[in-house]
Amino acid sequence: MAVSSPGLEISFADFAGMFSKPATARSDPPTNCIGYAARDSTGVLSPFTFDRRPVGPKDVRIQIAHVGICHSDLHSAKNEWGSSLYPLVPGHEIVGIVTEVGSEVTSFKPGDRAGVGCMVDSCGACDMCKAPRCEEQFCSKCVLTFNSLMPDGTLTQGGYSSHIVVTEKFVLRLPENLPLEVTAPLLCAGITVYSPMKHFGLDKPGMKLGVVGLGGLGHMAVKIAKGMGLHVTVISTSESKKEEALNVLKADEFLVSKDEAAVKAAFGSLHGIIDTVSAQHDLAPLVGLLQVDGKLVLVGVPDKPLQLPNAAIVFKRATVGGSLIGGIRQTQEMLDFCGQHGIGASIEKIPIDYVNTAYERMLRSDVRYRFVIDIQGSLINGGQ
Ligand code: NAP
Ligand code: ZN
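Residues numbered from 1 in each chain as written. Chains lettered and ligands numbered in written order. Predicted model: local features only at pLDDT ≥ 70, side-chain atom pairs only at ≥ 80, totals over all residues. Heavy atoms only, no water.

Asker: Mind showing me how you'd approach the packing of helix H4 (residues 189–199) against helix H10 (residues 328–341) here?
Answerer: In a pair of packed helices, the angle between the axes and the distance between the axes together describe the arrangement. Two elements in contact, H4 and H10, have axes whose closest approach is 10 Å; the angle formed by their N-to-C orientations is 100 degrees. By the angle between their directions, the pair H4 and H10 is classed as roughly perpendicular. Residues Gly190, Ile191, Tyr194, Ser195 and Lys198 of H4 pack against Gln330, Thr331, Glu333, Met334 and Phe337 of H10. Broken down by class, the residue content of the contact of H4 with H10 amounts to 4 nonpolar, 4 polar and 2 charged. (Axes fitted to C-alpha atoms, helices over the stretch in contact; angles between N-to-C directions. Helix = DSSP H or I, 4+ residues; strand = E, 2+ residues; numbered from the N terminus. Parallel < 35°, antiparallel > 145°, perpendicular 65-115°, else oblique. Contact = heavy atoms within 4.5 Å. Nonpolar A, V, L, I, M, F, W, Y, C, P; charged D, E, K, R; others polar.)

Spelled out as structure tokens, the structure:
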């Protein structure tokens, strides 16, 4: 099979062969890593070769086995947030095996399982980075896993690729009892819903939590909230997801958002809501579902702002908040929690050349519940 990228026409064998080059050896042209990149705002992904840095003293090199597809990948590939730098290799739910570590690395060794989420660097010295906060996602110098600039000006590239080199502090230990592929989505979807449950006090057994949007983030919110002992109501546009939500994901209740009678009957019932919706939607009915003093936490980031329903908020004395992924310490806490409770994502595993179709299906809410790309099987050992 021939694959092509601008200015480059190579066989798949040559393409895959590049992977075997040691990361410490520079090549010219610089192409020690293979991946899939978007080239423009069509968001269409195609094969791409590029260079990862050599392993430095504090670095860990991970051969990527699987990577989850987050809706943020799609927003970014299509430049829906207006900040995309091309070529753009998405992917920030990365799991794999350590193949090399730097001389100062103490927590990982070759052969270990390891994960990388949404961040790969931060200043390490500001109030956000240091204890007690340890919330590097709010550091003004935080470097995201892709579409972000390292201090030396290098553009970061994500996990739809054969390997990654990351400073040890941003590498996560993975639960030994969970298969790698169901662990990948915890690195973004998992922490993005776990963190607000903790921060906004929506984590006490028996509390009533609503989860809006049963996609990648939403289904992890249901699983994690059930693990914490919460009473969970799913609020969804997709009636077809009801049976599975109740019987497999173990949600307690399922509201179809366009069923006005059911929504009215649930008025004032919830302590809090985590809204994971990736597109425009009406917040007023959601605030209506809250008890007085309830909390609506937005984690979805649609391309345009939502309208704030002032009256509904005022009459509930509601708090409307937001939340951004979670710090590295809390991400490790979440991974350990998921390991203890046997919580992995529900996934559809796909080869990398299915990624453009996967994006189309994700836009139609047609995924149960996270696409995970088999990097090892289709990018590294693929092409047959
Ligand atoms: P996803 O898998 O596509 O799930 C989104 C869900 O929203 C869909 O499954 C669907 O659920 C619902 N939905 C879609 N369009 C809708 C519409 N027009 N009206 C109402 N509901 C709709 O996406 P995801 O990966 O979970 O990400 C969700 C959002 O969170 C994205 O905007 C992403 O960028 C953002 N995000 C934020 C953070 C953060 O740190 N805050 C981190 C990661 C992702 P139903 O079928 O059940 O209705
Ligand atoms: Zn994400």
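Asker: What's the story with the UniProt feature "domain: Enoyl reductase (ER)" (unreviewed entry) in the protein chain in this structure? I'm lost.
Answerer: In the numbering used here, UniProt assigns the feature "domain: Enoyl reductase (ER)" (unreviewed entry) to residues 43–373. Within the segment residues 43–373, helix and strand shares are 25% and 24% respectively, and the terminal C-alpha atoms sit 17 Å apart. (UniProt positions renumbered as here; feature names shortened; annotations may be inferred.)

Asker: What should I look at first to understand the side chain of Asp59 in this one?
Answerer: Tracing the backbone shows Asp59 in strand E5 (residues 59–68). At a separation of 2.9 Å, a polar atom in the side chain of Asp59 contacts the side chain of Arg53. When neighbours within four sequence positions are excluded, Asp59 is seen to be in contact with Arg53, Pro54, Glu100, Val101, Gly102, Val105, Val165, Val166 and Thr167. (Polar contact = N/O pair within 3.5 Å; in protein donor to acceptor, adjacent residues only side chain to side chain.)

Asker: How do you make sense of the sheet that holds strand E15 (residues 290–298) when you look at a structure like this?
Answerer: Sheet strands pair by backbone hydrogen bonding; their relative direction is either parallel or antiparallel. Reading across the sheet, the 6 strands line up as E13-E12-E11-E14-E15-E16 and stay open at both edges, with parallel pairing between neighbours. Edge positions in the sheet fall to strand E13 (253–256) and strand E16 (319–322), since each has one partner strand and no second. Sheet twist, expressed as the average angle between the axes of neighbouring strands with direction ignored, equals 20 degrees. (Pairing = 2+ DSSP bridges.)

Asker: Hey, could you run me through the environment of Met220 in this one?
Answerer: The residue Met220 is located in helix H5 (residues 216–227) in this model. For Met220, a relative accessible area of 0% corresponds to the buried category. C-alpha separation for the pair Met220 and Leu255, spaced 35 residues apart in sequence, amounts to 17 Å. Leaving out residues up to four positions away in the same chain, Met220 has contacts with Leu186, Ala189, Gly190, Val193, Ile343, Gly344 and Ala345. (Buried < 20%, exposed > 50% of the residue type's maximum accessible area, 1.4 Å probe, protein only.)

Asker: Quick question: what am I supposed to make of the side chain of Asp275 here?
Answerer: By secondary structure assignment, the location of Asp275 is in strand E14 (residues 270–275). Here Asp275 is buried and forms no salt bridge, its nearest opposite-charge partner Lys241 lying at an N-O distance of 13 Å. (Lys, Arg positive; Asp, Glu negative; His and termini not counted. Salt bridge = Lys/Arg side-chain N within 4 Å of Asp/Glu carboxyl O.)

Asker: Quick question: what am I supposed to make of the environment of Lys226 here?
Answerer: Considering the arrangement of structural elements, one finds Lys226 in helix H5. Those residues within four positions of Lys226 in sequence are excluded, and the remaining contacts are Val232, Leu249, Lys250 and Asp252.

Asker: Please explain the confidence of the model for the protein chain as it appears in this structure.
Answerer: Close inspection of predicted coordinates is inappropriate for parts of the model with low pLDDT. When pLDDT is averaged across the protein chain, the result is 93; 92% of the residues are at 70 or more. Counting contacts from residues 1–27, a segment whose pLDDT is below 50, to residues more than four positions away or on other chains yields 61 contacts. (pLDDT = per-residue confidence, 0-100.)

Asker: I'm lost on the layout of surface pockets in this one. Help?
Answerer: Using a probe with the size of a water molecule, rolled over the atoms, empty space left in the structure can be pinpointed. Here the second largest pocket is characterised by a volume of approximately 390 Å³. If you go around the second largest pocket, you meet 18 residues; those closest to its centre are Asp51, Arg52, Arg53, Thr154 and Leu155. Considering each element in turn, the lining of the second largest pocket owes the most residues, 4 residues, to strand E10 (residues 163–167). Its residues assigned to classes, the lining of the second largest pocket comprises 8 nonpolar, 5 polar and 5 charged. (1 Å grid on protein atoms, 1.4 Å probe; cavity = no way out; pocket = protein on both sides within 12 Å on 5 of 7 lines; lining within 4 Å. Points joined across faces, edges and corners; volume = space filled by probe spheres on them.)

Asker: Mind showing me how you'd approach the site of ligand 1 here?
Answerer: In the region of ligand 1, 30 residues are neighbours, and Ser236, Thr237, Ser238, Lys241 and Arg370 sit closest. At 2.7 Å from an oxygen atom of ligand 1 is found a side-chain nitrogen or oxygen belonging to Lys241. At 3.0 Å from an oxygen atom of ligand 1 is found a main-chain nitrogen or oxygen belonging to Val301. In the complex, the protein chains occlude 90% of the 930 Å² of accessible area that ligand 1 would expose alone. Where the shell around ligand 1 is concerned, the elements lending two or more residues are helix H2 (71–77) and H5. (Near = heavy atom within 4 Å. Areas by Shrake-Rupley, 256 points an atom, 1.4 Å probe, with all protein chains shown as cover.)

Asker: When you look at H10 in this model, what are you seeing that I'm missing?
Answerer: A turn of α-helix holds 3.6 residues, and therefore any two residues three or four places apart point the same way. End to end, H10 covers 20 Å across 14 residues, agreeing with the expected 20 Å (1.5 Å per residue, within 8%). Listing the buried residues of H10 in full gives Ile328, Gln330, Thr331, Gln332, Met334, Leu335, Phe337, Cys338 and Gly339. Here the buried face of H10 lies against strand E8 (119–121), helix H3 (180–183), H4 and H5. (Expected span 1.5 Å × (residues − 1).)

Asker: Can you walk me through the coordination of the zinc ion (ligand 2) in this structure?
Answerer: Ideal geometry at a metal gives 109.5 degrees between four tetrahedral donors and either 90 or 180 degrees between six octahedral ones. With distances of 2.0 to 2.2 Å, the protein atoms coordinating the zinc ion (ligand 2) are Cys70 (SG), His92 (NE2) and Cys188 (SG). Here the donor residues of the zinc ion (ligand 2) are spaced in sequence according to C-x21-H-x95-C. Taken as a pair, His92 in the loop between H2 and strand E6 (94–101) and Cys188 in the loop between H3 and H4 lie far apart in primary sequence, 96 residues in all. Across the pair, exposure class does not vary: His92 and Cys188 are buried alike. (Donors = N, O, S within 2.8 Å, 3.2 Å for Na, K, Ca; no water.)

Asker: Would you take a moment to explain the pattern of salt bridges for this structure?
Answerer: Where charged atoms from two side chains of opposite charge come close, those side chains can pair. The full count for this structure, using the stated rule, is 17 salt bridges. A salt bridge links Arg370 to Glu93, with the nearest nitrogen and oxygen atoms 2.8 Å apart. Of this pair, Arg370 sits in strand E18 (residues 370–374) while Glu93 sits in the loop between H2 and E6, and the two are 277 residues apart along the sequence. No difference in accessibility class separates Arg370 from Glu93, as the two residues are buried. The residue Lys349 makes a salt bridge to Glu181 at a minimum N-O spacing of 3.4 Å. Taken together, the residues Lys349 in strand E17 (residues 347–350) and Glu181 in helix H3 connect sequence positions 168 residues apart. Its relative accessible area of 21% is what places Glu181 among the partly exposed residues.

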